[in-house]
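Reading the structure
Here's the letter readout for the chains.
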Amino acid sequence: MKRLLQSVACGTLITGILFVIAATIGSEKVGCVLVWQACVFDTLLSNQADRELPITFIMGIFPGKPIYAVPSYLLLRKLDSNKTR
């Protein structure tokens, strides 16, 4: 259970860092590379041409948590198994 919580925290942290970097850069193309899941979500749900940080983009950030939590979980599991050897 501890590893699961740590992986969710890592997924949230990675998503948050990528979002802050994307928002700081200000380039929509670079932002869509860093926070690609938000751009996919935004493209599927929104038809507006020009917008500044719409709610659909912000809602699209949330899928990044489990997307990055799974590799974090696997990495933490691998690191724990290496410690016991």
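Our subject is the structure listed above.
Now for a description of the structure that goes with this document. (Residues numbered from 1 in each chain as written. Predicted model: local features only at pLDDT ≥ 70, side-chain atom pairs only at ≥ 80, totals over all residues. Heavy atoms only, no water.)

**Details of the environment of Asp 80**
Summarising the element assignment, Asp 80 is placed in helix α5 (residues 64–84). Assessed through its relative accessible area of 30%, Asp 80 is described here as partly exposed. Between the C-alpha atom of Asp 80 and that of Arg 3, which follows or precedes it by 77 residues, the distance is 9.3 Å. (Helix = DSSP H or I, 4+ residues; strand = E, 2+ residues; numbered from the N terminus. Buried < 20%, exposed > 50% of the residue type's maximum accessible area, 1.4 Å probe, protein only.)

**What about the pattern of salt bridges?**
If you walk through the whole model with that rule in mind, you get 1 salt bridge. Where Arg 3 meets Asp 80, a salt bridge forms, and the shortest distance between an N and an O atom there is 3.1 Å. Of the two residues, Arg 3 is situated in helix α1 (residues 2–25) and Asp 80 in helix α5; the sequence distance between them amounts to 77 residues. In this structure Arg 3 comes out as partly exposed when scored by relative accessible area, which is 25%. (Salt bridge = Lys/Arg side-chain N within 4 Å of Asp/Glu carboxyl O.)

**A few points about α5**
Taking 1.5 Å of rise per residue, the 21 residues of α5 would be expected to cover 30 Å, and the 31 Å separating its terminal C-alpha atoms lies within 8% of that figure. Those residues of α5 that sit buried are Gly 64, Tyr 68, Ala 69, Ser 72 and Leu 76. (Expected span 1.5 Å × (residues − 1).)

**Some remarks on the packing of α1 against α5**
Taken N-terminus to C-terminus, the directions of α1 and α5 make an angle of 130 degrees; their axes are 7 Å apart at the nearest point. Judged by the angle between their axes, α1 and α5 are oblique. By crossing handedness, the relation of α1 to α5 is classed as right-handed. Of α5, the residues touching α1 (which contributes Arg 3, Leu 4, Gln 6, Ser 7, Val 8, Cys 10, Gly 11, Thr 12, Ile 14, Thr 15 and Leu 18) are Gly 64, Lys 65, Tyr 68, Ala 69, Ser 72, Tyr 73, Leu 76, Arg 77 and Asp 80. Across the contact of α1 with α5, the residue classes break down as 9 nonpolar, 7 polar and 4 charged. (Axes fitted to C-alpha atoms, helices over the stretch in contact; angles between N-to-C directions. Parallel < 35°, antiparallel > 145°, perpendicular 65-115°, else oblique. Left-handed = near helix turned anticlockwise from the far one by under 90°. Contact = heavy atoms within 4.5 Å. Nonpolar A, V, L, I, M, F, W, Y, C, P; charged D, E, K, R; others polar.)

**Observations concerning a nonpolar patch on the surface**
Taken together, the side chains of Leu 13, Ile 17, Ile 21, Ile 25 and Val 30 define a hydrophobic patch exposed on the protein surface, amounting to about 410 Å² of accessible area. Top element by residues in the nonpolar patch is α1. It accounts for 4 residues. Judged by relative accessible area, which is 44%, Ile 25 ranks as partly exposed. (Patch = residues over 30% accessible without salt bridge, like charges linked within 9 Å, V, L, I, M, F, W, Y side chains within 5 Å. Areas by Shrake-Rupley, 256 points an atom, 1.4 Å probe, with all protein chains shown as cover.)

**What to know about the side chain of Ser 7**
As for its placement among the helices and strands, Ser 7 is situated in helix α1. Of the polar contacts made by the side chain of Ser 7, one reaches the backbone oxygen of Leu 4; its length is 2.7 Å. When residues no more than four places from it in sequence are discounted, the contact partners of Ser 7 are Ala 69, Ser 72, Tyr 73 and Leu 76. (Polar contact = N/O pair within 3.5 Å; in protein donor to acceptor, adjacent residues only side chain to side chain.)

**Looking at α1**
Helix length check: α1 (24 residues) gives 35 Å between terminal C-alpha atoms against 34 Å at 1.5 Å per residue, within 8%. Those residues of α1 lying buried are Ser 7, Gly 11, Thr 15, Leu 18 and Ala 22. With its phi angle positive at about 85 degrees, Gly 26 sits one or two positions after the end of α1.

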